Structures are given as C-alpha cells and as structure tokens.
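# Structure assessment
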Amino acid sequence: MDTSLISPQTVELVSLLTGQKLRKEDITPPLLFLAALVTVLLGVIHADGTVSAEEKQRLRTTFTELIPANNSLGQFVRPMVKSVQDRQVYNKVTALLALTACFSEEEKLLLISFGYQMSAADGTIEERAKEYLKIIASRLGIDGRYLTVLEASFSNQSISDTAALAEVHSLLDPARFQSLDSLFVRAASHIIEHLPAKPKQQKNRKHSVSSYQELKKFQKYRLELNAVCKTLSSTLENGSDRKVFSPNLTEEVTKISQRLKSQCFCVAVVGDFSKGKSTLLNALVGEKIQPVRATPCSGTVTILKYGSKRRVICHYKNGCKEEISPEEYKEKAAISKKAASGSIADEIAKSEIAEIVFEHPELELCSNGVEIIDTPGLNEQEERTLATQQVLKTADAVIFLTSANNVLPQTEKELLLSLKKELNYGKEDEGARNIFIAVNFFDGLETEEDRQDVKERVETIVNGEKPIIAGENRIHFISAKSALEAILDGTENEYVKSFQDFTKSLEQFLTVERGAIALQQSAAGIKQIINTCCDELSQYREMLEGKLTVSPGDKAKIFEQMAEVSGRDVKIKLLADELMQQSLDETLESWNQWVEELGERLLSKSHRWTSEHGHIMSQDKLTKDYADQFVRDITEEIDDWGNQKVQSILKQNMGVLDSQIGEDIDAIRQEFQQFDQQLSTSLVAQFNNLATAGSLGGIGSSGSGIASSIGEIEDGGFFGGLGIGAAVGAALLFFTGLGFIGVVLGGLAAGAGGGLGWSFLDGDAVKAQIKEKVCELGFEKFGESAESIFEKVQERIIAVFDDRADANSDAMSKAIALWENLLEQQEKHDRERAECETQKLWLADKRRELEQVQNQIEAILNQSDR
C-alpha cells in the first residue's frame, strides 16, 4: 500500500467517516482498509434493499475476527458503520475509489473477497449483490476471472479455471501482507481458509523440502511485536501532542518498528566451482531456477527473495536497473561456456551487471523471510571473489559447499579459514557459529568405508585444535541433485531425508540464534522507552500535585545547560575532524613507507612459492600458480598493514576522542543528577533508558558502554570485513587472464635471445626468473591502482570518526530533549491549572495503556521461547 498516494479528499473522507479530525499521517493502512471494507460490506448488504439477520451477524463476525479486542482500531468500527449507512457512502463509487487509490492489486482483491463472503451470508448470492460487486470490481481493475473464483468459492460451486484459482491463492498469500499489519495477515488467512485448496502444479515441485514452521512462528512474533510498536506509537503521539512525552520517544519507536518490518535472514551459498552450488540452491527452493553446468556458471551475485509476482530485476554497476525475462536471467546470471573454459577474466571485466534479484511468490523458504544469495564463487576469479566477500558482510548464515569426491583439499581449507576470519571478526581461537558445511555428491561414494573416511576427514579439519566452526548440526552430508529430483518427482529417498535435516538445522539457527536475539533486542528497546514514558508521566504528575515546580531560576539554569550541551557537541565535532585529519596524515606517511619496502618483501616471499607444474611442458600453468600466490601475498601484506599500522594510529587518536566524549557525558549526567536531587525528577534514569533503547548503549566512561570504535577495530581488524586486501586482488585482474602469462613468458624468451629452449636450462633457474618477472609485473600493476586502494583506506578512517561523532550528537540531542520536555511540562501545567483533575485521569489512562503494551511484549516473548 503506497500511502504517499493518499489525497486531501481521502483524508477528509476518512475524517468524516470516523468523526475525528485526522491528518494524513494519522491514516494508517489498517484504518484505510477498514474504511473501504465497511463501505463494501454495507454496499452488499443494502444492494437488495433489505438487511437480513444473517448479514448483520456476518458483519459483526467479520470485524470480531479481524480486530482483536484490545486493538485501538476497534473504536472506529461503530462510527464508520453509522456514518457509511447514514450518508449511503456505499452508493458513491468515487468515494470508494478515493479510499482505495493507494491499494495494490492484492489489497483490492482482498477487499472484494470479503464482499463476496458477505453476499453469501444467507446461503445464496443475490443477483443485485452480485451486480454491485461486479461494478465495484470493474472500477477497481480486478480481473473478472478472479470474481468467478470468489463467487464459486463462497457458493460452494466447482471451479474449472484452476489457473485463476492458483493466481487468487498466490495474490492472497498471507506472506504478501507481512510488511503491512497483522490485520492484513489475518484477513488474508481468513479468505484463504474459505477457498478451495490450491491446485497442484504439474511441472513444479511435488512436495516441499520443509514446512519451515519455526520460520513461520518467527514471522508471526515479528508482526505481533511490530503491532505493539504501532500501539505504543499512538500513545506516544497523543502524549507528545499534550507536551507530556518527549517527541524523540516516537522517533525511537519508529526506528524499532522499521527494523522489525525489514527483518529478514540472508543466507549465502559459497564454494569453489563444480561443487553443485546451483543445484543446492535449486534444491533449497524446490525449483530449477539456477543454471547448472560442470564449468563455472555463477557469473554475478544473484539474490532469491520473496516477491508478489515472479520477476527478475537486473541491477547494473552504473545504478540503472531493468526487469528481464526468466530466460534472459539464466543467460545473464551465467558465464558463457567459452569464458568458463578459459578467459573468464575478460568476460567479468566487461560485465556491467552488479547483481540480479529474482523475486518469486511461491518459494517457501523465501516467503518465510529468507533471502538466498548465490555468490559468484571463491578462488575462481578475483573480481568474483571480491563480490562474494562483500556479500558475506550482511549474511546471517553461510553454506560452504565441498565435494565428497575431493573433500576439503588445501585450497578449500584456506578458503574456510578465510571465511571464518571474515565472519568471526578475526577471532582465531573460536569457531564461527554461522558456517554450515554441506558435503555434496555423497551418493557418489560407493562403499561405507569411503563414506566413513570422508566424515572423519571433515570432522578432523573443521573441529581441530583451532575449530573452524562452532555449534551443533553444522556438518551435513548430502546429494543436492538426488534430493532435488525426488522433490520434483514427489518421491522419497535417503537424500531427501538428509536434506531435510540440513534445512531444519539451518532454520533452527536462523530462528533461535539469530531471530530470537533480534526480537529480544527489539523488545528490550521498547521496554526502555516505556520506562522513560513512565518516568515522564510520574514527573508530570508530581507537577500536577504541586510536588515538583521548575522555578524561574531553574528555567534559566536549564537554558544554560542546553546551550552548554550544544557547545559540547560542536567541540566534539571539531575535535573529531582534527583527529581524523591527523590519522589520515599519519596513515599516508605509513602507507608511503610500506609501499617503498613492499617490492623487496614480495620478492623475498616468492622464494616460498610452489607449483605442481613443470617449467617445460606446463609453463603457462606454472606461471598462473605463481601469479595466484603473488596476489595472495600482496593481499595478506595490505591486510597486515591495515590491521597493525593503521589500527595502532586509530587506537591512539580514537582514544583521545573517546576520552573527551566520556568526560562530556559524565558532566551531563552530573547536571541531571543535581536536578534530580533538587527537584525529585528522574532525568538520569530517563537519559540512561534512552541510551539503551537507541544507538548509544550507555555511551561514556561511566555507562555500560556502546561498543567503542576502538573495541570494534580491535575485534575485527581495521578493515573489518571490507575486503580491502581483496580489492587489491581485483585490481590485479590482469593476472588471471592468458594475457599476463603471455607477457611473462614472452619477456623471458626475449631475454634468452628467443632461440634457447627451456628444457636445456636449469629448472630452478627458470622458475626463479618466472617468479622475478611475476613480481616485477605484479608490482607495476599494483602501482597503477595504489591510489584508488589508498582512497578506500581513507574512506574507512573517515567513516570511523564520522560514526563516533554522530553517536555523540545523538546523545547530546537526547539530553537537550529531556531538558525541553521538563520545561514544556511546566509550561503546560501553568496554562492548565484549572484542568488538574482531568489531567490526572489522563495520566492514569496512559499508564494503563503502557502497562498493557508491556504485558503484550511479555506474552510474545513467552510464546517465542516455547
């Protein structure tokens, strides 16, 4: 529902129907849908000129089922019904069009569905009611086939157009309405229950790999908690309008609500090519979506997510995007067979595609709040590797795929360790809890001895002295192809069972170790806001009872404090800018020195390079191996420089900034404490509650502590998963193509006079020459991109200081808001002394509302813990 399309006429109409003077921001999607629903239902009831007892009962039942007893929306039902009847709004098509102007296709269909249910309230659908619904549906642009489905559904007739029935099921899928309000989810669920079963698709999956009940429960709790936010927001807006609650409390609730709305899980599939990555993904969603080949075929980041209809959107590097067909998707998502067999580098370098988003309404895993990211792969090509590393920054879980036929060779072990470092913020002694290892092609092992050997090898590697993974049920032995075939054929085999165990453990991790924590954090934030509200209510009650009075002298002192807080904020910003520039200067000096010594260090490291290929028959492969090791070494070099030299610079300068911020926050708390002692206010408690609910987390030396910028840098390293080292590898894209190898070999042949065969030269001498040439050309290539690489380092430094200054500004603004609220409460009390008793009743009412919200939160959390 696009509420930006709400017109002044719509605002006026809804105000008329509710009997209240409303603003555009007061008109929520549930309120607008309710107004349209009342209009349509009464139109159906009055279509034949009589109102039956069955229709009256159906009307009451509909609103009882859709609106819970404690929901504030219930107060609007009676006045809306009366107003629509008295004014005969149901006969004014323009009025209904105004109410539904911002409705989506599925929301319009949901609305008209209730009209058909009402038309059948007394057992049969009367012709005039049917004609009324057809006129309304025509003006709303609803497909006539859908009306036939609804009419047949509520009059218990058979439906011949199964395709239309499937489309109605898809459009009214409750998952489509999760981003709106729980009312829409309940409404859609109610209609779906009264429709015939969704017809099975002949060419789609015959059964689901999982019911994903835990994910469904999580989404239910998320929606319920968001509904609590809306209830609380209404209470806060009312209190803010009365100058009792601080306006920023509403902003904090809105932030929490937005996080809950956008809450989804990201699962990345990572692995070397030819390990069955695309087949695994197809098995996860139960449909053949990804192209499958024996050569590298994932050419770009592909995101599979829920969408109201099946469509593919291609995002380009220049910021443009376009919708493409599924056939074009399979072509654009893949690497050409010619490139996959050789010159991948050239094709990737020329590609303008940033990512491809595949939206689908019927992928069960995605419809339950999970986005699956098919990564381009690791250890195949540097730019694709860089794209994968960017994805990992936002992934909740990672599926690492390996093959049972060659399980976890040395290259994959290194990839796993790199993945652990990326996801585990550099903590080497702890395993990463969000890595799941899937050993594919397990059905290709012929003997039980082979299977046992593979299991033991995997366990030994990943759960060794320094474990790579942590947590239960993180290793699974599967056959993605066998599982997918069985899913599509509707049969059962041992690999469907093992695949179901795999998805169940993934679901358990997402809901318990990720989702539950997110819900608890949101609930804790809401509780802290409620605590602040209660403190402000108590503070205002003290004023009403004459126990708390802000004297003119106190007011003058408060204005002084507000000015002082603003001054502190400005000083911190200036100090942050000064320390940021100092850090940039020191980093530049360190960079120049590091680059000056880099060539010698890389040449020294080249002595340790190895290859299984010889210098006579496999010069190109030998050179490629050395080039790959050069990229690895220079990547490690820049990461080490950033995580040691730059981190040391930041630690020192951020320490100075943090120290000053801590002193300022403590000074503000002391001022609040003095007022608390003098006037019996609770400003310190309110400030601490706001800090916990928002992004502050108790900022300052005496607080429990927002994770300081220094702490974040120490835990994750300076580059913190940004892949600056990998950016160096991407800058050396030239290395992965055949062109670089030709330059090296051609240069060496020319140096030897062009006529001397390498077979007559000493092997070690030839290899040394190749290594030296690789270092020479590689360092030249690095020099071409050194400036852009250092710019990334500068951007990271600037972001660290900007984030810290912003957090401090947020703290200062909250402190000022508390002072302002105290002054506004006193001014309000001075103006309304005569209404003192009325105000006390209002305060008691608001406190009861807050207690109800608190109880709702506890009920949701108790259910989610079961």
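Scroll up to find the structure this text is about.
Residues numbered from 1 in each chain as written. Predicted model: local features only at pLDDT ≥ 70, side-chain atom pairs only at ≥ 80, totals over all residues. Heavy atoms only, no water.

## Overview of the overall build of the chain
Test applied: Elements are defined by DSSP. Helices are runs of H or I of four residues or more, strands are runs of E of two residues or more, and each kind is numbered from the N terminus. Three labels apply to residues, based on accessible area from a 1.4 Å probe with only protein chains included: buried if under 20% of the type maximum, exposed if over 50%, partly exposed otherwise in between. Residues are treated as being in contact if the distance between any of their heavy atoms lies within 4.5 Å. Per-residue accessibility takes into account occlusion by the displayed protein chains alone, with areas from the Shrake-Rupley method and a 1.4 Å probe.
Secondary structure assignment for the chain yields 30 helices and nine strands. Counting the 866 residues in the chain, one finds 53% classified as buried. Contacts spanning at least 24 positions in sequence make up 80% of the contacts within the chain whose residues lie at least 6 apart. In the structure as shown, the chain presents an accessible area of about 38,600 Å², 48% of it carried by carbon and sulfur atoms.

## Description of the pairing of strand 5 (residues 353–360)
Quick note on the threshold: When DSSP locates at least two bridges between a pair of strands, those strands are taken to pair.
The element strand 5 is largely enclosed, with a buried count of six among its eight residues. Inspection of the sheet shows strand 2 (residues 301–306) paired to strand 5 by six bridges, in the parallel sense. By the bridge assignment for strand 5, Tyr306 is matched with His360. Alignment of strand 3 (residues 311–316) against strand 5, held across six bridges, turns out to be antiparallel. Each bridged residue has a counterpart across the sheet, and for Val312 the counterpart in strand 5 is Phe358.

## Quick look at the packing of aromatic side chains
Short version of the rule: The rule is short: rings of Phe, Tyr and Trp, with Trp giving its six-membered ring, pair when the centres are within 6.5 Å, and they are stacked under 30 degrees, edge-to-face over 60, tilted in between.
Within the structure shown, the criterion is met by 19 aromatic pairs. The interplanar angle of 45° and the centroid separation of 6.5 Å between the aromatic rings of Phe245 and Trp842 together place this pair among those described as tilted. Taken together, the residues span a long stretch of sequence, with Phe245 in the loop between helix 11 (213–241) and helix 12 (247–261) and Trp842 in helix 30 (residues 836–864) at a distance of 597 residues. Of the two residues examined, Phe245 and Trp842, each falls in the buried class.

## Comments concerning the state of the cysteines
Note the cut-off: Note on terminology: disulfide denotes any pair of cysteine sulfur atoms within 2.5 Å.
Evaluation of the coordinates by the stated rule reveals zero disulfides. Left unpaired, Cys266 is separated from the closest cysteine sulfur, that of Cys264, by 4.5 Å.

## Re the packing of helix 22 (residues 494–544) against helix 29 (residues 763–831)
Applied cut-off: To get an axis, fit a line to the C-alpha atoms, keeping to the stretch in contact for a helix; angles then go from 0 to 180 degrees between the N-to-C directions. Crossings are classed by handedness, with left-handed meaning an anticlockwise turn of the near helix from the far one by less than a right angle and right-handed meaning a clockwise turn. All residues other than Ala, Val, Leu, Ile, Met, Phe, Trp, Tyr, Cys, Pro, Asp, Glu, Lys and Arg, Gly among them, are scored as polar; the first ten of these are nonpolar and the last four charged.
Viewed as axis vectors pointing N to C, helix 22 and helix 29 meet at an angle of 35°, and their least axial separation amounts to 10 Å. With respect to the hand of their crossing, helix 22 and helix 29 are arranged in right-handed fashion. Here Glu536, Gln539, Tyr540, Met543 and Leu544 of helix 22 come into contact with helix 29, specifically with Leu818, Asn821, Leu822, Gln825, Gln826, Lys828 and His829. Looking at side-chain class alone, the contact of helix 22 with helix 29 contains five nonpolar, five polar and two charged residues.

## As for the environment of Leu225
Mapping Leu225 onto the fold places it in helix 11. Taking relative accessible area as the criterion, Leu225 reaches 0% and is therefore assigned buried. For the pair Leu225 and Gln856, spaced 631 residues apart in the sequence, the C-alpha separation amounts to 8.3 Å.

## As for helix 9 (residues 162–171)
Among the ten residues that make up helix 9, seven are buried, leaving the element largely enclosed by the rest of the structure. Ala164, Leu165, Ala166, Val168, His169, Ser170 and Leu171 are the residues of helix 9 that are buried.

## Here we look at the sheet that holds strand 3
The mixed open sheet is built from nine strands, whose spatial order is 4-3-5-2-6-1-7-8-9. Looking at strand neighbours, the two that pair on one side only are strand 4 (321–324) and strand 9 (475–477), the edges of this open sheet. Each strand axis lies, on average, 20° off the axis of its neighbour in the sheet, ignoring direction. Lying on the sheet, helix 13 (residues 277–285) is in contact with strand 1 (265–271), strand 2, strand 6 (370–374) and strand 7 (397–403); it crosses strand 6 at an angle near 165°.

## Looking at a negative patch on the surface
Keep this limit in mind: Patch construction takes residues with relative accessible area above 30% that form no salt bridge. Like charges are linked within 9 Å, and nonpolar side chains (Val, Leu, Ile, Met, Phe, Trp, Tyr) are linked within 5 Å. Salt bridges are defined as contacts in which a side-chain nitrogen from Lys or Arg sits within 4 Å of a carboxyl oxygen from Asp or Glu. Note that His is not counted, nor are the chain ends; the positive residues are Lys and Arg, and the negative ones are Asp and Glu. Working definition for charges: the position is that of NZ of Lys, CZ of Arg, CG of Asp or CD of Glu.
Taken together, the side chains of Glu446, Glu449, Asp450, Asp453 and Glu456 make up a negatively charged region of the molecular surface. For Glu446, a relative accessible area of 78% corresponds to the exposed category.

## Regarding unusual backbone geometry
The backbone of Asn156 sits at a positive phi, close to 60°, despite the residue not being glycine. Inspection of the secondary structure puts Asn156 in the loop between helix 8 (144–154) and helix 9. Exposure remark for Asn156: the relative accessible area of 73% places this residue in the exposed category. Positive phi outside glycine occurs at Phe441, with the angle close to 60°. Mapped onto the secondary structure, Phe441 falls in the loop between strand 8 (435–440) and helix 20 (448–462). The class of Phe441 is partly exposed, set by a relative accessible area of 28%.

## Some thoughts on the environment of Lys828
The cut-off we apply is this: For this analysis, a polar contact is any N or O atom pair within 3.5 Å, provided that within protein one partner can donate a hydrogen and the other can accept it, and provided that sequence-adjacent residues contribute only side-chain to side-chain pairs.
Counting through the fold element by element, Lys828 comes out in helix 29. Sequence spacing of Lys828 and Met543 is 285 residues, and the spatial spacing of their C-alpha atoms is 9.9 Å. Look past the residues within four positions of Lys828 in its chain and what remains in contact with it is Arg242, Lys243, Val244, Tyr540 and Gln839. There is a polar contact of 3.1 Å between the side chain of Lys828 and the backbone oxygen of Arg242.

## Here we look at the pattern of salt bridges
Counted by the stated rule, this structure contains 37 salt bridges. One salt bridge in this structure joins Glu545 and Lys547, with 3.4 Å as the shortest N-O distance. With a relative accessible area of 30%, Glu545 lands in the partly exposed category. A network of salt bridges, in which partner residues are shared, links Asp143, Arg145, Asp161 and Glu167.

## Some points on the side chain of Asp48
Residue placement: Asp48 occurs in the loop between helix 2 (29–46) and helix 3 (53–66). Buried within the structure, Asp48 lacks any salt-bridge partner; its nearest side chain of opposite charge belongs to Arg128, at an N-O separation of 5.2 Å. Within the structure, the side chain of Asp48 is placed 3.2 Å from the backbone nitrogen of Thr50, a separation counted as a polar contact. Excluding anything up to four places from it in sequence, Asp48 contacts Glu126 and Arg128.

## Remarks on the pairing of strand 7
Where burial is concerned, most of strand 7 is hidden: seven out of the seven residues are buried. Burial along strand 7 is two-sided: Ala397, Ile399, Leu401 and Ser403 and Val398, Phe400 and Thr402, pointing in opposite directions, are all buried. Bridge count between strand 1 and strand 7: five bridges; the pairing is parallel. Along strand 7, the bridge assignment pairs Val269 with Ile399. In the sheet, strand 7 pairs with strand 8 via six bridges, with the strands oriented parallel. Each bridged residue has a counterpart across the sheet, and for Phe400 the counterpart in strand 8 is Ile437.

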